[in-house]
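# Chain and residue survey
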Amino acid sequence: MIDGKKVLFSGMQATGNLTLGNYLGALKNWITLSDEYECFYSVVDMHSITVRQDPAVLRKRARNLLTLYIAAGLDPKKNCIYYQSHASGHAELAWILNCFTYMGELNRMTQFKDKSAKHADNINAGLFTYPVLMAADILLYQADVVPVGVDQMQHLELTRNIAERFNNIYGDVFTVPEAYIGKVGAKIMSLQDPTKKMSKSDENPNGSIYLMDDPDTIMRKCKRAVTDSEACIRYTDQQPGLKNLIDIYSACSGCTPQETVKAFEGKGYGDFKAAVGEAVISVLKPLQEEFDRLSKDKAYIDGIIKDNAEKANYFSAKTLRKVQRKVGFPDRIR
Ligand code: ATP
Ligand code: LTN
């Protein structure tokens with residue numbers, strides 16, 4: 001609890017350009033929840049270097065991502081929007097938690113398996129212990145709730161297990177966090193292969209709608225989305241491409257999938273795809289305009305970065321000192 005409010009933590013990696021999946025699965029829920037909780041939204045740049053990065057590109061992307069959090073509607077005066085690498089407690093707590101995490105647990109993580117298959121020439125220890133750094137992110141702020149897409153559930157379960165293990169040994173040190181998964185949009189699929197999740201690292205750019213895509217590109221991608229030959233608008237697993245478009249439309253226009261199906265009853269796929277395109281454009285256009293405006297205001301963004309790094313360090317140090325004392329590190333002499 002901070003000032004009587006429960007705490008929320010979430011983060012995104014600054015790798016690649018954000019997709020509509022990232023927005024509907026995560027960012028959009030962050031905004032909905034931000035009034036209710038004391039929120040920490042991190043640009044997790046330390047996680048990004050588990051795969052090789054060009055330093056200049058990473059720096060640029062991290063700043064764009066931080067700006068995008070604000071452009072999407074998160075108030076940086078109320079929410080702590082900051083770079084993970086600016087709060088040294090993340091790395092310090094991650095080290096301690098590494099000593100409370102088993103190799104067997106990390107070996108089971110599907111994201112590790114996927115990423116090591118994808119980056120077979122660089123299976124580094126950081127990629128393996130990635131979930132422990134994520135646990136440290138969350139536990140450092142005593143987060144009650146963590147809004148993420150479905151793909152992060154396994155990491156969140158591990159975080160809960162580590163917290164409970166630590167608490168069983170040392171008493172109630174960590175809040176055990178809950179995942180928050182949105183009702184619609186928790187797993188947006190590729191427009192070209194609806195069995196795969198829409199991902200910023202997909203090689204086929206037509207599978208993903210990027211948050212910075214212009215209206216023509218968005219419309220073209222929606223119209224070319226893979227569907228089926230049933231020619232009937234239904235929300236079923238047997239029509240995964242169409243189901244995904246219904247999810248996208250519903251999440252963008254704020255209705256349920258059932259309402260969407262009803263609204264398009266008897267319509268052809270062509271009409272529906274165009275409506276999906278329009279719905280996506282109407283969500284992304286204001287976001288893009290705000291992003292352009294904020295990007296030009298260097299002093300404002302720099303101020304946010306500085307103030308929020310201080311705030312993150314202030315709150316994270318509290319937990320870190322407590323943990324250090326519990327495990328037996330000597331007190332500091334002041
Ligand atoms: P990468 O392709 O580089 O692994 P990613 O697109 O999966 O990246 P992350 O940075 O890992 O994105 O995810 C940021 C947030 O967006 C997480 O909460 C994740 O669960 C959510 N997310 C990512 N892709 C989707 C998707 N297709 N649908 C819904 N949520 C998603
Ligand atoms: N692993 C997440 C990003 C991430 C995160 C976090 C999300 C790192 N630390 C803490 C929620 C809470 C991902 O790949 N999407």
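Check the entry above for the structure.
Description of the structure in this document. Here the structure is a predicted model, which means the values were calculated and not measured.

In this section: the pairing of strand β1 (residues 7-12). The buried fraction of β1 is high, at 5 of 6 residues. In the sheet, β1 pairs with strand β2 (residues 38-43) via 6 bridges, with the strands oriented parallel. Paired with F9 across the strands is F40, a residue of β2.

Turning our eyes to something else, we now look at the side chain of S316. Checked against the element boundaries, S316 lands in helix α13 (residues 298-327). For S316, a relative accessible area of 2% corresponds to the buried category. A distance of 2.7 Å separates a polar atom in the side chain of S316 from the backbone oxygen of A312. Setting aside residues up to four positions removed in sequence, S316 forms contacts with A87, L140 and Y141.

Bringing helix α10 (residues 240-253) into the picture now. With 14 residues, α10 ought to run about 20 Å at 1.5 Å a step, and its terminal C-alpha atoms sit 20 Å apart, in line with that. Buried residues dominate α10, accounting for 11 of its 14 residues. By the burial criterion, the buried members of α10 are G241, L242, N244, L245, I246, D247, I248, Y249, S250, A251 and C252. Considering only its buried residues, α10 is in contact with α1 (20-33), α11 (257-263) and α12 (269-295).

Turning our eyes to something else, we now look at unusual backbone geometry. The phi torsion at Q142 lies on the positive side, around 55°, for a residue other than glycine. Its place among the elements puts Q142 in the loop between α7 (125-140) and β4 (145-147). On the basis of relative accessible area, Q142 is assigned to the buried category, the value being 16%. Positive phi, close to 55°, is recorded for A231, a residue that is not glycine.

Here the focus is a nonpolar patch on the surface. On the surface, V150, M153 and I181 cluster together into a nonpolar patch covering about 190 Å² of accessible area. Given the relative accessible area of 32%, M153 is considered partly exposed.

So, about the pattern of salt bridges. If you walk through the whole model with that rule in mind, you get 14 salt bridges. The closest approach of N and O atoms between E157 and R160, which form a salt bridge, is 3.9 Å. Here the residue E157 and the residue R160 both occupy positions in helix α8 (residues 153-170), the gap between them amounting to 3 residues, near one helical turn. Classification of E157 as partly exposed rests on a relative accessible area of 39%. For K221, the salt bridge is made with D213, and the minimal N-O distance between the two is 2.7 Å. In terms of burial, K221 and D213 fall into one category: buried. One network of salt bridges, in which partners are shared, links R63, K298 and D302.

Moving on, we get to the site of ligand 2. As a matter of local geometry, ligand 2 sits amid 14 residues, with G11, Y130, M134, D137 and Q152 nearest to it. Residue Y130 places a side-chain N or O atom 2.7 Å away from a nitrogen atom belonging to ligand 2. Relative to its free-state accessible area of 360 Å², ligand 2 is covered by the protein chains to the extent of 90%. Those elements that provide at least two residues to the shell around ligand 2 are β1 and α7. Per-element tally for the shell around ligand 2: the top contributor is α7, with 4 residues. Tallied by class, residues from the shell around ligand 2 come to 7 nonpolar, 6 polar and 1 charged.

Take the site of ligand 1 next. The local shell around ligand 1 holds 21 residues, among which D151, I188, K197, S199 and S201 are the closest. Measuring from a nitrogen atom of ligand 1, one finds a backbone N or O atom of G21 at 3.2 Å. Backbone polar atom of G149 to an oxygen atom of ligand 1: 2.8 Å apart, as the coordinates give it. When ligand 1 is considered free in solution it has 610 Å² of accessible area, and contact with the protein chains removes 95% of it. Broken down by element, the residue count for the shell around ligand 1 peaks at 4 residues, all from α1. When grouped by side-chain class, the residues that make up the shell around ligand 1 number 6 nonpolar, 10 polar and 5 charged.

Moving on, we come to the nonpolar core. Within the largest apolar cluster, 63 residues are counted, with the highest numbers of intra-cluster contacts made by Y69, F272 and V280. Element by element, the count of residues in this core is highest for α12, at 12 residues. Apart from residues lying up to four places away in sequence, F272 is in contact with I233, L242, L245, I246, Y249, T260 and F264. F40, Y82, L97 and F315 belong to the second-largest nonpolar core, a separate cluster that totals 41 residues.

Thresholds, definitions, all that
Residues numbered from 1 in each chain as written. Chains lettered and ligands numbered in written order. Predicted model: local features only at pLDDT ≥ 70, side-chain atom pairs only at ≥ 80, totals over all residues. Heavy atoms only, no water. Buried < 20%, exposed > 50% of the residue type's maximum accessible area, 1.4 Å probe, protein only. Helix = DSSP H or I, 4+ residues; strand = E, 2+ residues; numbered from the N terminus. Pairing = 2+ DSSP bridges. Polar contact = N/O pair within 3.5 Å; in protein donor to acceptor, adjacent residues only side chain to side chain. Contact = heavy atoms within 4.5 Å. Expected span 1.5 Å × (residues − 1). Patch = residues over 30% accessible without salt bridge, like charges linked within 9 Å, V, L, I, M, F, W, Y side chains within 5 Å. Areas by Shrake-Rupley, 256 points an atom, 1.4 Å probe, with all protein chains shown as cover. Salt bridge = Lys/Arg side-chain N within 4 Å of Asp/Glu carboxyl O. Near = heavy atom within 4 Å. Nonpolar A, V, L, I, M, F, W, Y, C, P; charged D, E, K, R; others polar. Core = buried A, V, L, I, M, F, W, Y, C linked by side-chain atoms within 4.5 Å.

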